[in-house]
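Spelled out from the first residue to the last, the chains are:
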Amino acid sequence: MSKFVSTLFCFYFFHSFGFSLKMTNFHVPSTVIIDKNNPEVNNVNLTCNYHYIRIERGFNLKWYFNQDLIYVWSPKSSPRLFGRFANHIDAENSVNGTLVLHNVTQNLTGTYQCIAMTYEALVKKHSHLQVIIPEDYFLLERIISPRFVEYRCAVNNIFPNPYMKISWNSSVLFSVTRYGLQGENGLYDISESIYTSNHKAMEANVSCELKITNTDYRKVLVFDPEESNTIEMS
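In every chain, residue numbers begin from 1 and rise along the written sequence. A pLDDT threshold of at least 70 governs which residues receive local features in this predicted model, and a stricter bar of 80 or more applies before side-chain atom pairs are shown or counted, although totals over entire chains, interfaces and linings include all residues. Heavy atoms throughout the structure, all of them, feed into the side-chain values; hydrogens and water do not.

Draft legend 1. Focus on the pairing of strand β9 (residues 122–132). Both strand β2 (residues 31–33) and β9 contribute to a ladder of three bridges, which runs parallel. Counterpart to Thr 31 in the pairing with β9 is Gln 130. For two strands to count as paired, DSSP must find a minimum of two bridges between them. Runs of H or I in DSSP of at least four residues are treated as helices and runs of E of at least two as strands, each being numbered from the N terminus. In this sheet, β9 lies alongside strand β8 (residues 110–117) in antiparallel orientation, the contact comprising eight bridges. By the bridge assignment, Met 117 is partnered in β9 with Leu 122. Counting the residues between successive antiparallel strands, the hairpin from β8 to β9 contains four residues.

Dropping the structure here:
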């Protein structure tokens, strides 16, 4: 009789109130900037908090990266890791909906999805994480020769491929060249130069902007004749 009453209660509860499983807090940072000098601090916490009642059976939580399953956890078993993420997930601390990533590299840029489910219900959310590898250097310099004046802006070993542009406030007409290369390490070297044979360009106000699209990562250099680097060629 007690089993019948329990079954009848479950039917009445779910028919009247629906399932209680819900995601109470979901957070994936939109941007993570890697500290090249202190790799041990490059950890990222992804949060997927949930709520359900014990009457709902078969609870488990899964994380996906770009639609590939990387992590499964349930209250009755240890976390299971899949694929290359076995080297990037701190299994000991990745419980109760929190996914701790370590050894973070640019290859962890992508969309992360959390799915919480029971036999009776399923909830899911996803968000994009952009890993930024900051540049080794970002410079704006001037090169002067008897034949031309050139302003060169360059950035080295950055990820992802950035937007970079030289701007100037001058009536002098410049030619523009741009160079870009992705190295075997996946990082980018970018340079842009403006040059002219008109030496009045030495009076131009020149700046260079560096930014990564869809993030807050942005830097600007302004050429200062007294402070900035000038190379003189004979």
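Draft legend 2. The arrangement of the sheet that holds strand β7 (residues 98–101) in detail. Pairing within the open sheet is antiparallel, and its three strands lie in the order β1-β3-β7. Where the open sheet ends on each side, the last strands, each with one partner, are β1 (22–27) and β7. The mean inter-strand angle of the sheet, taken between neighbouring strand axes irrespective of direction, is 10 degrees. Sheet topology note: the β1/strand β3 (residues 44–51) ladder contains five bridges and is antiparallel. Residue pairing for β3: Met 23 is matched across the bridge by Tyr 50. Where helices are involved, their axes are fitted lines through C-alpha atoms of the stretch in contact, as for all axes, and angles between N-to-C directions lie from 0 to 180°.

Draft legend 3. Looking closely at the state of the cysteines. The definition used for a disulfide is geometric: two cysteine sulfur atoms within 2.5 Å. A full pass over the atoms with the stated rule returns two disulfides. The residue that forms a disulfide with Cys 153 is Cys 208, at a sulfur-sulfur distance of 2.0 Å. Taking the sign of the torsion about the S-S bond as the criterion, the disulfide between Cys 153 and Cys 208, at about -85 degrees, is left-handed. Here Cys 153 is found in strand β11 (residues 149–158), whereas its partner Cys 208 is found in strand β15 (residues 205–211), with 55 residues between them in sequence. With respect to class, Cys 153 is no different from Cys 208; both count as buried. For the protein chain, numbering the cysteines in disulfides from first to last along the sequence yields the connectivity 1-2, 3-4. Only protein chains enter the accessibility calculation, which uses a 1.4 Å probe. A residue is then buried if its area is under 20% of the maximum for its type, exposed if over 50%, and partly exposed in between.

Draft legend 4. Local environment of the side chain of Asn 42. Note that Asn 42 resides in the loop between β2 and β3. Residue Asn 42 is classed as buried on the basis of its relative accessible area of 9%. Within 3.5 Å is the distance limit for a polar contact, defined as a pair of N or O atoms, with the added protein rule that one can donate a hydrogen and the other accept it, and that residues adjacent in sequence qualify only through two side-chain atoms. A distance of 2.9 Å separates the side chain of Asn 42 from the backbone nitrogen of Asp 35, its partner in a polar contact.

Draft legend 5. Summary view of the nonpolar core. We define the nonpolar core as a collection of buried residues of types Ala, Val, Leu, Ile, Met, Phe, Trp, Tyr and Cys that are connected through side-chain atoms lying within 4.5 Å of one another. Leu 61, Trp 63, Ile 70, Leu 101 and Tyr 112 are the most contacted members of the largest nonpolar core, which totals 55 residues. In this structure, Leu 61 is in contact with Cys 48, Tyr 50, Tyr 71, Val 72, Trp 73, Gly 97, Cys 114, Ile 115 and Ala 116, ignoring residues within four places of it in sequence. Any two residues whose heavy atoms approach within 4.5 Å are treated as being in contact.

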